Structures are given as structure tokens and as C-alpha cells.
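Understanding the architecture of this molecule
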Amino acid sequence: MTNRTIHAWLGLSLLSCLGLPGCRDDQPEPEPAALAASTRNHLVWKRYHAFAQDLSRALELPTEELCTELGEFDCINDVHLAGLGGHEPLHQGLLEPLAEPLATTPLVTERVVLSACTARVERDRTDPVVFTALELDQPAPAEDSEAFTDTVQDLYRRLLGRDPIDAEYTLLGQLLVDDEGEPVTFGEFAQLACFSIATTTEFSFI
Amino acid sequence: MSRNTRLSRRRFFTGVAGTVGAAVTAAHLRSGSARAEGMAAEASDPADRKLLFVVCASGGASIIDSVLPVTTDELPEGSDAASLNVYEPSRVIQPAGSNIRCVAPLSPLDQLFFTPQYSIQEFVEAHHAHMTVVTQEATSVNHAVAQKRAMTGAGINRGRTIAEAVAERHGRGLPLANCNMGSGGYLEPGDDRTLAGRARGEIITNPRAYAMATHGSRGLEGIPGAQQLLRARGIREQLDDASPFGETYRNAPLRERYLSMRRELGPMLEEQDAITKLMLTPQDDIPAALGLESSPMADQVRDALPNLDKDSWQQQGGMAFLLAYYGMSCASTIGVGGTSFDGDTVVSAPLAFDFSHTVHRTAQGVMWSRVLQVVSGLITLLQRHDYLGDPALGKMWDRSLIYIATDFGRDKLRPATSPDFYGTGHHLNNGTVLLSPMLVGNRVFGGVDPQTLLTYGFDRRTGEAAPGTVMREGDIYSLIAQAMDVDFDGRRDMSAALA
Amino acid sequence: MLGFTALLGVGGLASEAEAKPTGPMRFCEAYPESPDCSGRLTTCETCHTSTDPAQWNAYGGALLGALGGRDFDEGIASAMLELEDLDADGDGETNLDEILVGTNPGNAESIWQPVPEVEGANPFYDLGTYDPRVALQRVMVLYCGHSASYEQRQDFAALPAEDQRDALHETLSMCLDGEYWRTLALRELADVRITPSYAVGADSDVNLSLGDGAYQQRLVLADYDWDYRLWRYIMTDDRDIRQLLTAKYHVVDDGAGGLMPVEGILDSPYETVAGGQPLPPEHRAGMITTQWFLMVNTMFSALPRTTAAQAYRSYLGMNISASEGILPVAGEPLDIDAKGVAAPACASCHSTLDPLAYAFSYYNGIGNETNLTGDYDPMRPVTAMPAWEAEQPTSMILGQPIDSVAAWGRVASESLYFRQAMGRMFFEHALGGPAGPAELDDLAQVVETIPADGHSANRIIHRIIDTEAFGAP
């Protein structure tokens, strides 16, 4: 089996055992082999500048248009700078960046990403650059469609620099509908998929 | 073992690797074991909780130029009043009922180009009942070093800042237990790696807009609805765990801590509607399309801090109050900054108290006024409002302590050729002002030698003045810790100052 | 001895004995291979939980017992030898092993377990070994300021394994030549060394109006941008980083987006109190004699202790206020400016700090009568400190007498401490934090190569990206 297929099996096995009827105790499933874990476990926090640059490049937006708070504050270089790993020596006397993320860093990350993804979708309504598979007002594509796989693959390549594994396609397929099972628009799917991928820890740590 | 058979690091690594059980890696060592504690632990009992407010009077706030002045007629015979930093009796005021004296407001001439908006006199008149003046001598005249030592008690409690110590003691279950709006050395974290994660400082650089950091989506335009975002978050959590990156680094401490904050602290802040409660931006300045509201307490805060909408120093005070009032924090640090304008008037000196290098008395007068104006506003708010808005918990003030921290004192001498306008250097000897109903109020502990203008200490247990002794950073730290029910090895018994 | 050790105990008990400032020096003489001694000095925390009042941790208490009343400096080496095979803090590791690994033998919470072996397979990451793909992403983020693109990663992965390292280094070279590293990232590394302040820097918007308002100047006491330019210039293009402490020149924008050196005394371009560079070249010593550095650290002090301490901390990596780098000089402190630093609680640090500071006494901080901030005045020490002429204090750095700040800079720049400090700065930047015990060998090797690599910052970084610490997932 190829690596991708192994993880398809892994991912689907995990999903299929989430309380569905097919997973009764008297039908033992073979334990999927998990990926070997790092034992060095050393990650580096991707701080404000690279974080902003990566969003900017992935979504082809100028950095100054990624996020503004209350209509006036630059999210990245002003109000959320410390939370995104930057430091401001001149006025506040913070001479070195903080060693680790703050309590609000995950929320701030979500805000900036959501703002950026939304900005991209809005721009694409008139001048498609990233979300080009379909018209954004149309219903989201089917999970087995080329539009879906192309969009997801493109987002992973732009944001994380790799192709998605099967389990990731499957998971993101769940964003094609809402909680009631009704299809969302392609624009909504685009926002949510962009948000979901760019707020994973893989985007924030290297 | 002789030197010839020493283990090198590599030999040590390979020799014992096979005998080691799993998990503690170098990364764990670096981060400290206490991070394993769940971030959103069950909250401490509000009835027992105490609140600390550290007010950083940055640059060197001199106690003998504020609430421990010496007058010319108190000097020993033969002293040269013109060469000592003493005041004419007419320049020193003792408000009715106060055991504490203070320097009178600056004359218009002494104000130079500044426009103080408050005075030490007003503060002492209003708050002497709860003022505790403690003499102290610092151990560094380097700003950054002294500032940090003022926060850590010169390392008396394993290098923890007093705010960290209080947050660990009282902050269980609070999402932002320890918030820091200070600067320089006051902003530095402590040095104890075993500190619980919840007690680490949350840096707030822009109090006016900080509320926006407490919600992942509200206030952004054109975004999907809340339910859709919730769904997306759920998918994102699964993506994170299913990805090759997530699986490979599933045990990485940095990632674990981040996920803990995202999965526990973030929802806490959102559920508590922190984005509204902490919103200092006036409603008129919030674009209507964002669907946000100013804090329900904004008007009350503005009543006590009238320039809240324009003055970042008052915004710090307001934010510190809101964080405590709404039960999000139990330790806040705020720090007065440098040059500040109110319209065309200059209300704060460049370099804050360190402008004393240029014009000592003007800088001290202007900056003490500026600091105490916000402290007064904070006290007013704490006295007016019930903790968590619950009358059963009593007024916030009953459980609060305000610590006016500063770097060090200033020179005690004046040049005879220019006794009114002169600059001063840094000086270790000084004092500290604390305010709390948990302390003995309307009292000075220690004294000032009129011959040298150096402060001296006191007996920690009896409170009797003890000329020839000095109190240190560790004493101030111990006093605060004792009042705040923070225990640690090496804490000094400061019972004399406790109410 | 065991009973005595138990009496003193973990967490420390106060005693009438004192902390010994020569302790770190003696420790490192005995254990030069300890990570705490390689280009640095161990701190008082090795033995103490507090130095004022003196309190000992388990190891310090055991040493006190082993000394048995002997003179400290004479007996401490043999006392340490006696205790090598014991485990003072009871954490399961001998004192010697902890010393060599870099954990604290007196603190049971300071312990390190080696990195476990990887169990299982992982086709996405080369676990347990250097993974060039991980290194590529880190190189791009840290030095180019953004992630590697999909195409870049694909192209890289397609290279033969033996070519990937070269490609990695080519990528790094490109990044180090780029705007992000040269303007923003390098600048951020300098912040803690330069300590800029808006209020009195060249960006200040405060005007000083004197008298009837006819005379106005912006309150600029010095311009820290000179310092940032000098730092960035020396840290790029394979220049010798020892110039951080020895450069006689200054640096200006060349008008084409780059930097160029200029010589001599330079006037301020502003209508301000200050903002130029007043020092003649013979009195220059790189970053530690710029107008901003002298202004913000010396200010008005007669003996510029803060200046010396900031130079020691910034360029030799030792923070005296945290009891690092304590190398007491016999007969010091003289307390030359009558500040009371000879008191026992102060002398332990000031016996190192004051001799470091004497050479800086000839440099003004903020203005003299002529308002020349940061200029050289041969009479300044005598004028400012009446005891100077009689005492004739000797400036010392790292155990060597020196006669000027230029010599201070020279000695410092040639030292292992400097190389360790600079190597560690880049290493910590790359790793996102201090090196742990598993990474110390990598750091040591990087530091060792600095002289052979021409003391180039770029070469240091090239060495770092080759380490397992950097590239092993």
C-alpha cells in the first residue's frame, strides 16, 4: 500500500469507530498502526512576521489587508503583536519576544486567519484567484467532485506546503454541509476550510 | 570516580538511554513540570480569592518627595537646608485625620510646561485611612534590574514575581489570572520554571482594544455564522490530531500547551463574553457593523477615570478593574508611561519619574500626581463595587491590595546654587506605598533620618522604628505575600503591618 | 557529613557563613567541561538558594560540610572531588553526572532524561535523525521570514539526498542576503542590547522649549539608529563579528538600500540636543561606545557600572545582576565613588563589576557643560570621583588588566565568552529557546568553529542549520 492509502485506512478507521453501529465490542477491529511519534518533540513557534507572510502569500493578499480591529488597529503589528510572538521595544520596553504563546494566542490566531480567509473569498467574488473552482454563490461541490478535491488540495499546498492525506479530505468534506446536513455555499465552504486548515498547529509551529 | 572515568554528555546519553522509561525529554525539562496541569481547572472559591494590583511608578518615585517629606525645621542644627532635599513647612501638608504628610501641589512656576491633573494632597486626603508607607532600600540602581527585583522581591520566592505568586495561589480556574500592562523590567516574567501555567503573565499592550483578543470571531465582518464556525472548529480539532504533523508531534509540550489553551481557555473567555465585558472602546467609536458593545461597566469606570477614552494610562487602570470585577484575573500589573498629552497640555514627563535627572521636583510632582490619579480611580471603583457583582461577596476593596512599585529612590542632595531646579541621580534608599484594608492603614513603618534624608527600617513583628536598619525588596514581597495568603519558604514575618 | 548535610538540607537553611564570590570561578576551574563553564561561568545557584542571606541548596550544603571549616578557596576543589559520586539532591543522578550534563546537582527538580529511541515508522518525518525537509522549512521561516512554498518543497524533496544539504545552504545564503534578515530580523536581535527608548531617541515627538519659547529643540539625546545600522552591517556579508566590540567606524545608509561605513566624528543631522557621534576613532570600541549606548546606560553616573554591566551582558552573555560572570578582583571593590558597594552584600558582585566599569569612566553619558553626550573626557574620572587620583583603580576584564575601553573591547572580543555569547544568541534564535542538555554538544561545536569560520555571523548560522538540534524532528 502507498503511504496515502495507509492513512486513508487509518483515518477512516478512526472515523468509523466514533460510536457508529459498525463498531460493536464483539467485532474487534485491528488496531491501526499510529505514526511513530517524535521523541525530541522540539517545535519552534512561527511568529508574527512569518505568520503574516505565510497568510499573505497563500491567500495573495497584502499583509496590511489581512486584519484590522475596530476599523483602526493593525492586528498583527499593533494590537495582537505580543500574542502573535512579536515584541515592541520602543514604547513598551518589551525588548525580547515572549518565549511562548499567550493565553489569547489561539483566539488571536483564529481572528487573523478568519479575517484573511474572508477577505480572500470576498475578493474572489469579482476576481477569482484562490477559490476558482466554482462560483462562490453556488452550492458547495460534492465531496467526490474534482472541484472539492482541487480546492482542498490547493489550500493545503498554499497554506501548509504539502498535499493533504485522505483523512483530511474526509474531514473537510464535513464542511460541505451544515449541522442539519444542508449544503452550504461554495463561498462559505471556502471560508471555513481556509480557516480550519490555517488554524491547525501545523500552520503555527515548525 | 577519577577524572579519567568521567562521563561525557554523549556517553551519558547513550549509556543510560536504554534504561530510561518513556517520556521526560529535554523539552520537558526546559518547560517545567507544572505545565501538565489543566489550564481550565476548577475555579478557586471566590469567597477566598484576593486581588492584587501592582502599579509601576517607573523611573524612580522618591518617597521623600511625596508622602515622607522632611521639612527644613526638622533638620538638626547646623544642617544646610539648601543642600538637602527638604521642604519648607509651608510646602508640606498633613490632611485632617491623616498620620501621613505629603508634599503640597506644585506651584505654576514649578510645573514648568506640565499640567498635572491631580495632586498628592488630594490622594492623601481621600485615602490616608488605607495608606501604608513602608521604608525600603533597593539593591540596584539599574532600571531594568531594579524593576524586576521590585516584582520578585529580589528573588526571595524562587524568582517568582509577586503577581505570579498571587495568580498561582488565587487564580485557579481564572482564564487570565495574571495580566501585565507594565513595561521594561516590570514586564519580565519571573525565573521559576515550575510556576503553574495559569499564573504566567498575559501581556496586554493595548488595553483599549484588548477585548478583541478574547474572542475568535466576533467583531469581524463577513464571517460565517457562529454555528458554522463552531462546526469548523470541531473539524479543525480533528484535522489537527489526524494530520501527519499532529500525530508526529502529539507529545510535544509546546503543542500540548497551545492546544490546552485553545480547547479550554479560549472557550472560557468566549463563554464569559469577555469581548464585551472588557471592551473599553466607547460605543461611539465601535463601527456599528461589527455588532460589538462597550463594557456594561464602561460608564462606571469612566466616572472614576474621566479621561478613559483618550488616556492609555487610565485605560490600564480601567482594564485592571474590569479584569478583576468580572473574575477573569486576580493579579494585574499596570505601568505609567512617559510623555503624554491631553490636547495640547503635557500631563506626563518623558521617561516618567526618571525625568528627575533633569528637573527633580517637577518630575516627581507631575508623576506622583499622574500615578496617584489612576490609583485613586481604581480605589474608588474597588470600593464601590461588589466582587463579581455579588453583594454576598462584599466590596472588591475588602479583598484588594495595591502595591505602588518603583525602581529606586533619588539623590537626597540639592546643589546649593540651584536649590529649586536641579537634577537627581538614582539612589537605593527609598520607600514604598501600599494600600489595602488588609494592612495597617494611615501609618508609616520606619522613618527618615533628618540629617541624611535616608529612610530606615522597622521591626517586622512589632512595627517599631529601628534606626540603623533597612528593609529590602524581600520584605515588601513578604508583606504582600502574607497579606495575600501566599506561603513560601523564606517568607519573612511582617505581622506588624497586617491589619 | 551526612548528618550535617541533612541539617542544611534541600531548600536551604540560613547560616552565619557567607556566600563566596570566588565560588563560580573555583567551580569552573575544577569542571571546565561543564556546560555551565564553557565560555561562561556557573552562577551562585549551583550551590545557593540565596546569597543574601546566604542559604545553600543540597549540593552547597554538602560542600560546606565537606569543607569542614577549611579555607574556601584552598579547600573547595578537594571538597567537590569528594562529593562527585554522591547524589546530593537525591534525584538519582550523581553530582558529577549532573555537573557534566548541565543540570543542577543541588536541585532535584533540575534533571534530564536522555531523548528516548523512536518507536515505530513514520514516512513523513525522518525521526531520530536529521531531516533536511524539516530543516528547509525552519531555514525559510527563520531567515527568509516565510515558509517554503509547495513547489519549493517538492523541488527540494526531489533532489538526491546527497545534494539536499548543499541546496539547504544555498537557500540559507539567499535568505541571509535578503531584506527580512538584514533589516527586520537582525534588528530584533539587537533590541535587548541597544535598549531603545522612544522618549529620547531620534523618533521622539517631544519638543523642549526653553525660556520664552524662542529656542526649541526636539528632545533627542542620542539616535539609536546608528547602533542598529552598525549591528546590521557587522552581522552581514561575512564580516568579522568581533568588530561589534572593536569597530572604529560608524555606518550610514548608502542611498541604494544598503549600508556603508563612515569614519570620524559625525554631526547630528537633527536640530536636536544630540544625535551624532562625537567620539574620535581612537576612543571607539564598536557597539559599546556609540552615543546612544553611553547616553542610555551611563546617563549621569560617575562610575558607569550600568554601562559595563550592559556590555558584559550583551556581548559576553553574563548578567551580573543574576550572579552570572562573577570573577572577583582582589582588593575590590574600592568603592571609588562612595556608594557603599564595599558592604558584604554588595561586594560579591561589585568586586567584578567595578573593575569592569573603570575604563568607561572617561566617557560622558548625558552631556557635560557643552552638552556633548557620549564624548571622551580624560579628566572626567578625576573630576567626578575625588578618590580616583589617589586610588588609581585598575580596569579589569576576564582577569586581565586593561587601560581603555578599546582594550576592553579587544579582550572581550577575543574571548571564548564572546564566541559563546554570540553562538548562543543565534542558536537560541534558531531553536526558539535555550539549548537543553541534549543540544549542548551541538552548541559547543558551533562555538568551536567560529574562529576558523572567520568570525562570520553567516557562517555561524550555516553551522547551526547542520546540527541535529536544528534539523531533527
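On a predicted model such as this, the values are computed, not experimentally measured, just so you know.

Scoring rules and cut-offs
- Residues numbered from 1 in each chain as written.
- Chains lettered and ligands numbered in written order.
- Predicted model: local features only at pLDDT ≥ 70, side-chain atom pairs only at ≥ 80, totals over all residues.
- Heavy atoms only, no water.
- Helix = DSSP H or I, 4+ residues; strand = E, 2+ residues; numbered from the N terminus.
- Buried < 20%, exposed > 50% of the residue type's maximum accessible area, 1.4 Å probe, protein only.
- Contact = heavy atoms within 4.5 Å.
- Patch = residues over 30% accessible without salt bridge, like charges linked within 9 Å, V, L, I, M, F, W, Y side chains within 5 Å.
- Areas by Shrake-Rupley, 256 points an atom, 1.4 Å probe, with all protein chains shown as cover.
- Salt bridge = Lys/Arg side-chain N within 4 Å of Asp/Glu carboxyl O.
- Pairing = 2+ DSSP bridges.
- Domains from an automatic or database assignment.

1. A word on the overall build of chain C
For chain C, the count of helices and strands is 21 helices and eight strands. For chain C, the spread of C-alpha atoms along the principal axes amounts to about 75 × 70 × 40 Å. Taken across its 473 residues, chain C has 58% of its residues classed as buried. Relative to all contacts within chain C whose residues are 6 or more apart in sequence, the contacts with residues 24 or more apart total 61%.

2. Brief notes about a nonpolar patch on the surface
Residues and elements named next belong to chain B. Taken together, the side chains of Leu109, Leu112, Phe113 and Phe421 make up a nonpolar region of the molecular surface, amounting to roughly 360 Å² of accessible area. Note on placement: Phe113 falls in the loop between helix 3 (108–111) and helix 4 (120–127). Residue class for Phe113 comes out partly exposed when judged on its relative accessible area of 35%.

3. Concerning the environment of Ala157(C)
Residue and element names in this part refer to chain C. Mapped onto the elements, Ala157 comes out in helix 7 (residues 150–158). What makes Ala157 partly exposed here is its relative accessible area of 44%. With 24 residues separating them along the chain, Ala157 and Arg133 place their C-alpha atoms 7.1 Å apart.

4. Remarks on the pairing of strand 7 (residues 331–335) of chain B
In summary, the side chains of a regular strand alternate between the two faces of the sheet. All names here are of chain B. Of all five residues in strand 7, five are buried; the element is thus mostly enclosed. In strand 7, alternate side chains face the same way, and those of Ala331, Thr333 and Gly335 on one face and Ser332 and Ile334 on the other are all buried. Relative to strand 7, strand 1 (residues 51–57) is paired through five bridges, and the arrangement is parallel. Across the sheet, Cys56 pairs through a bridge with Gly335, a residue of strand 7. Where strand 5 (residues 178–181) lies against strand 7, four bridges are found, and the strand directions are parallel. When the sheet's bridge partners are listed, Asn180 is paired in strand 7 with Thr333.

5. Here's the deal with the domain arrangement of chain C
You can read the domains of chain C as domain 1 (5–101), domain 2 (119–176 + 434–473) and domain 3 (180–413). Averaged C-alpha coordinates put domain 1 of chain C and domain 2 of chain C at centres separated by 38 Å.

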